[in-house]
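Residues per chain are reported as follows:
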Amino acid sequence: MLIMWGFAAARGQVRPTLRRLRESGSAFRFILAGSFFGPFLGVTLSLVAVQGAQVGVASALMSLPPIFLLPIGRIVFKEQFGWTAVAGAVVAVAGAVVLTLA
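Just so it is clear, the structure is predicted and the values come from calculations on it, not from any experiment.

Asks: Would you mind going over the overall build of the chain with me for this structure?
Replies: The secondary structure content of the chain amounts to six helices and zero strands. Written out in order from the N terminus, the α and β elements of the chain read α-α-α-α-α-α. For 102 residues, the compact-globule formula gives about 13 Å, and the C-alpha radius of gyration of the chain, at 19 Å, lies well above that figure. Overall size of the chain, expressed as C-alpha extent along the three principal axes, is 55 × 35 × 25 Å. For the chain, with 102 residues in total, the buried portion stands at 10%. Accessible surface, the chain: about 8300 Å² in total, of which carbon and sulfur atoms supply 73%.

Structure (structure tokens):
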């Protein structure tokens with residue numbers, strides 16, 4: 001965090017950033033929610049998963065969220081994906097299923 005603020009200070013973006021945070025209450029709430037659900041809750045739950053399951057299975061399942069986000073990117077953000085992205089998603093999901101069943 002200190003390094004990020006250092007870069008912002010070097011580029012002269014500290015005041016505009018703080019001004020925008022003050023002006024937009026929803027932005028601060030989104031940042032707060034993202035910092036809680038991402039690093040804190042995500043790391044905590046990944047440690048619980050590793051503790052309660054085999055490391056390979058937990059690791060494979062923890063690597064799947066980007067694949068589950070492909071349909072959301074397509075539907076919500078109207079992004080275009082090639083067949084290689086879809087094939088990669090299918091292979092990754094199949095691998096996670098094989099690891100879970102093994």
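On we go.
Asks: Could you clarify how one ought to interpret the layout of surface pockets in this entry?
Replies: Rolled over the atoms, a probe as big as a water molecule pinpoints where empty space is left. Of the volumes computed, that of the largest pocket is approximately 300 Å³. If you go around the largest pocket, the residues you meet are Met1, Met4, Trp5, Ala8, Gln13, Thr17, Leu21, Phe28 and Ile31. When residues of the lining of the largest pocket are traced back to their parent elements, those giving at least two are α1 (2-10), α2 (14-23) and α3 (25-52). The dominant element in the lining of the largest pocket, judged by the number of residues it contributes, is α1, at three residues. Looking at the lining of the largest pocket residue by residue, the class counts come to seven nonpolar, two polar and no charged.

Asks: Even after reading the chapter, I still don't get the packing of aromatic side chains, so can you show me in this structure?
Replies: The description of an aromatic ring pair rests on the distance of the ring centres and on the angle between the ring planes. Applying the stated criterion to the full structure yields two aromatic pairs. Their ring planes at 80° and their centres at 5.2 Å tell us that Phe36 and Phe37 sit as a pair that is edge-to-face. On the basis of relative accessibility, which here comes to 54%, the residue Phe37 falls in the exposed class. Take Phe36: its relative accessible area is 37%, and that puts it in the partly exposed class. Through pairs of rings, three or more aromatic residues link up here, namely Phe36, Phe37 and Phe40.

Asks: Explain the side chain of Ser46 here, please?
Replies: Structurally, Ser46 can be placed in helix α3. A distance of 2.8 Å separates a polar side-chain atom of Ser46 from the backbone oxygen of Val43.

Asks: So what exactly am I meant to see when it comes to the packing of helix α4 (residues 55-62) against helix α6 (residues 83-101) here?
Replies: Helix-helix packing is characterised by the crossing angle of the two axes and by the distance between the axes. The geometry of α4 relative to α6 is characterised by a closest axis approach of 9 Å and an angle of 155° between their N-to-C directions. One element, α4, and the other, α6, form an angle in the roughly antiparallel class. When the axes of α4 and α6 are compared, the crossing they make is left-handed. Contact residues: α4 offers Gly56, Val57, Ala60 and Leu61, while α6 offers Ala96, Leu99 and Thr100. Taken together, the residues of the contact of α4 with α6 break down into five nonpolar, two polar and no charged.

So, how was this worked out
- Position numbers for residues start from 1 in each chain and track the written sequence from start to end.
- The predicted origin of the model limits local features to residues at a pLDDT of at least 70 and limits the giving and counting of side-chain atom pairs to 80 or more, whereas totals for whole chains, interfaces and linings rest on all residues.
- Heavy atoms throughout the structure, all of them, feed into the side-chain values; hydrogens and water do not.
- Only DSSP runs of H or I covering at least 4 residues are called helices, and only runs of E covering at least 2 are called strands; the numbering of each starts at the N terminus.
- Radius of gyration means the value over C-alpha atoms here, while the globule rule gives 2.2 Å times the residue count to the 0.38 power.
- Buried residues are those whose accessible area, probed at 1.4 Å on protein chains only, stays under 20% of the maximum for their type, while exposed residues exceed 50% and partly exposed ones sit between those limits.
- In short, Shrake-Rupley with a 1.4 Å probe defines the accessible areas, and a residue's cover is counted only from the protein chains shown.
- Here a cavity is any set of points on a 1 Å grid over the protein atoms alone where a 1.4 Å probe fits but cannot get out, and a pocket is any open set with protein on both sides within 12 Å along at least 5 of 7 lines; a residue lines the site when it has an atom within 4 Å of a point.
- Grid points are joined across faces, edges and corners, and a volume is the space filled by probe spheres set on the points.
- For this scheme, ten residues count as nonpolar: Ala, Val, Leu, Ile, Met, Phe, Trp, Tyr, Cys and Pro. Four count as charged, namely Asp, Glu, Lys and Arg, and the remainder, Gly too, count as polar.
- Ring pairs are drawn from Phe, Tyr and Trp, using the six-membered ring of Trp, whenever the two centres fall within 6.5 Å, and their geometry is named by plane angle: stacked under 30 degrees, edge-to-face over 60, tilted for the rest.
- Throughout this description, a polar contact denotes any pair of N or O atoms lying within 3.5 Å of each other; where both atoms belong to protein, one of them has to be capable of donating a hydrogen while the other can accept it, and for residues adjacent in sequence the pair is counted only when both atoms sit in side chains.
- Axes, fitted as lines to C-alpha atoms, cover a helix only where it is in contact. Angles between the N-to-C directions of the axes lie from 0 to 180 degrees.
- For classification, angles of less than 35 degrees are called roughly parallel, those exceeding 145 degrees roughly antiparallel, those between 65 and 115 degrees roughly perpendicular, and all remaining angles oblique.
- Crossing handedness is read from the near helix: turned anticlockwise from the far helix by less than a right angle, it gives a left-handed crossing, and turned clockwise, a right-handed one.
- Between two residues, a contact is recorded if the distance between any of their heavy atoms is within 4.5 Å.

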